[in-house]
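# Descriptive structure summary
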Amino acid sequence: GDNNINAKLVLLGDMGAGKSSLVLRLVKGQFLEFQESTIGAAFFSQTLAVNDATVKFEIWDTDGQERYHSLAPMYYRGAAAAIVVYDITSVDSFTRAKKWVEELRKQGNPNLVIALAGNKADLEDKRKVSAEEARAYAEENALFFIETSAKTAINVNDTFYEIARRLPRA
Ligand code: GDP
Ligand code: MG
């Protein structure tokens, strides 16, 4: 088959969970304490070499605001992968992440590869969502689960590599 894969990837999740920061970390290797809010959605492109293939991600970073919710299908339709991001210090953001997963399961591409990312893993002392709870939810819903920190860079590249490895091959 063709070993050059183009894959549309969308980031979804509560405002402030760290979607833009994860993308900035992946694409530029940077982190900003005061990351500007995304308005609408932002587009990035990033190519990763995995064992057997070159995966070119077309990354859509959405703003996660409820008032723009009706626009979300534009970003996840046709997507091969989604990263649903929550903040481990916010129970509300985890609840919201579960809503996104339900929506993707109902409306998204049936082969969609979904990663559940518990971000801000560096803030262990403020943790409100246990890794055990999130992992159990992920297993029940056939999601790939990972905890990340855009601040320290832990597991950020791995999240994208693991998604790349799980994409269906042509
Ligand atoms: P978005 O609304 O989901 O795109 O979230 P942002 O990327 O704009 O991040 C919201 C805030 O959280 C910003 O102040 C970031 O600096 C901060 N932030 C993002 N990721 C992390 C992280 O992994 N650790 C910590 N401590 N702060 C983070
Ligand atoms: Mg953002």
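An account of the accompanying structure is given in this report. Residue indices begin from 1 for each chain and proceed along its sequence in written order. For naming, the first written chain is A and the first written ligand is 1, with later ones following in the order written. Reporting in this predicted model follows two pLDDT cut-offs: at least 70 for local features of residues, and 80 or more for side-chain atom pairs to be given and counted; totals over whole chains, interfaces and linings ignore these cut-offs and use all residues. For the side-chain quantities, the full set of heavy atoms in the structure was used; hydrogens and water were omitted.

## Considerations on helix α4 (residues 131–140)
Under the convention used in this document: Each residue's exposure class comes from its accessible area (1.4 Å probe, protein chains only) as a fraction of the maximum for that residue type: buried when under 20%, exposed when over 50%, partly exposed otherwise. In this description a helix means any DSSP run of H or I spanning at least four residues, a strand means any run of E spanning at least two, and both kinds are numbered starting from the N terminus. It is the directions from the helix axis to the C-beta atoms that the arc portrays. The contact criterion used throughout is that any non-hydrogen atoms of two residues lie within 4.5 Å.
For α4, the complete set of buried residues consists of Ala131, Ala134, Tyr137 and Ala138. All buried residues of α4 fall inside an arc of 130° around its axis, so they share one side. Of the exposed residues in α4, the ones pointing more than 90 degrees away from its buried face are Glu132, Glu139 and Glu140. The secondary structure elements touched by the buried residues of α4 are β4 (81–87), α3 (91–107), β5 (113–119) and β6 (144–147).

## A closer look at the packing of helix α1 (residues 19–28) against helix α5 (residues 156–166)
Keep this limit in mind: Working convention: axes come from line fits to C-alpha atoms, limited for helices to the stretch in contact. Angles between N-to-C directions cover 0 to 180 degrees. Oblique is the label for any angle not under 35 degrees, not over 145, and not in the 65 to 115 range, which are roughly parallel, roughly antiparallel and roughly perpendicular in turn.
One way to put it is that α1 packs onto α5 with a least axis distance of 9 Å and a crossing angle of 85°. With respect to each other, α1 and α5 are oriented roughly perpendicular. In this structure, α1 uses Leu22, Arg25 and Leu26 to contact α5, whose residues at the interface are Val156, Asn157 and Phe160.

## So, the site of ligand 1
So the rule is basically this: Here, proximity means that at least one heavy atom of the residue falls within 4 Å of the molecule or strand. Pairs of N or O atoms are called polar contacts if they sit within 3.5 Å, as long as, within protein, a hydrogen donor faces a hydrogen acceptor (for residues adjacent in sequence, only side-chain-to-side-chain pairs). Areas reported as accessible are Shrake-Rupley estimates using a 1.4 Å probe. Residue values count occlusion only from the protein chains shown. Using protein atoms alone on a 1 Å grid, points that fit a 1.4 Å probe yet trap it form a cavity, whereas open point sets bounded by protein on both sides within 12 Å along at least five of seven lines form a pocket; residues with an atom within 4 Å of a point count as lining. If over half the atoms of a molecule are within 2 Å of the grid points of a cavity or pocket, the molecule is regarded as sitting in it. Residue classes follow a fixed rule: Ala, Val, Leu, Ile, Met, Phe, Trp, Tyr, Cys and Pro count as nonpolar, while Asp, Glu, Lys and Arg count as charged, and any other residue, Gly among them, counts as polar.
Around ligand 1, the surrounding shell holds 19 residues, and the nearest of these are Lys19, Ser21, Leu32, Glu33 and Asp122. At 3.1 Å, a side-chain N or O of Lys120 approaches an oxygen atom of ligand 1. Here ligand 1, which alone exposes 580 Å², has 88% of that area covered by the protein. The site holding ligand 1 turns out to be the largest pocket. Ranked by the residues each element gives to the shell around ligand 1, the list is headed by α1, at 3 residues. Among the residues making up the shell around ligand 1, the classes are represented as 6 nonpolar, 7 polar and 6 charged.

## What about the coordination of the magnesium ion (ligand 2)?
So the rule is basically this: Listed donors are limited to N, O and S atoms within 2.8 Å of the metal, widened to 3.2 Å for Na, K and Ca; water is not among them, so incomplete-looking sites are possible.
Surrounding the magnesium ion (ligand 2) are the protein donor atoms Ser20 (OG) and Thr38 (OG1), at 2.1 Å. Residue Ser20 is found in helix α1, and its partner Thr38 is found in the loop between α1 and β2 (41–50); the two are separated by 18 residues along the sequence. Relative accessible area serves as the criterion here: at 13%, Ser20 is assigned to the buried category.

## Brief notes about the pattern of salt bridges
Stated formally: Salt bridge criterion: a side-chain nitrogen from Lys or Arg within 4 Å of a carboxyl oxygen from Asp or Glu.
A full pass over the atoms with the stated rule returns 7 salt bridges. For Asp87, the salt bridge is made with Lys120, and the minimal N-O distance between the two is 3.4 Å. Placement of Asp87 in strand β4 and of Lys120 in the loop between β5 and α4 is noted, with a sequence separation of 33 residues between them. On the basis of relative accessibility, which here comes to 7%, the residue Asp87 falls in the buried class. Arg165 serves as the salt-bridge partner of Glu162, at 3.0 Å between the closest nitrogen and oxygen. Taken together, the residues Glu162 and Arg165, both in helix α5 and 3 residues apart, mark about one turn of the helix. Here Arg165 falls in the partly exposed class, since its relative accessible area comes to 47%. Taken together, the shared-partner salt bridges connect Glu124, Arg127 and Glu147 into one network.

## Thoughts on the side chain of Ser149
Considering the arrangement of structural elements, one finds Ser149 in the loop between β6 and α5. A distance of 3.0 Å separates a polar atom in the side chain of Ser149 from the backbone nitrogen of Thr152. Residue contacts for Ser149: discarding those within four places in its chain leaves Asn119, Lys120, Ala121, Asp122, Ile154 and Val156.

## Here we look at empty space enclosed by the protein
Put simply, the test is: Grid points are joined across faces, edges and corners, and a volume is the space filled by probe spheres set on the points.
Taken as a whole and judged by the stated rule, the model has 1 cavity of 30 Å³ or more. The space that makes up the largest cavity amounts to roughly 100 Å³. Every residue lining the largest cavity is listed: Leu12, Gly40, Thr62, Asp63, Gly64, Gln65, Tyr68, His69, Leu71, Ala72, Tyr75 and Trp100. Along the lines of polarity and charge, the residues of the lining of the largest cavity split into 6 nonpolar, 5 polar and 1 charged.

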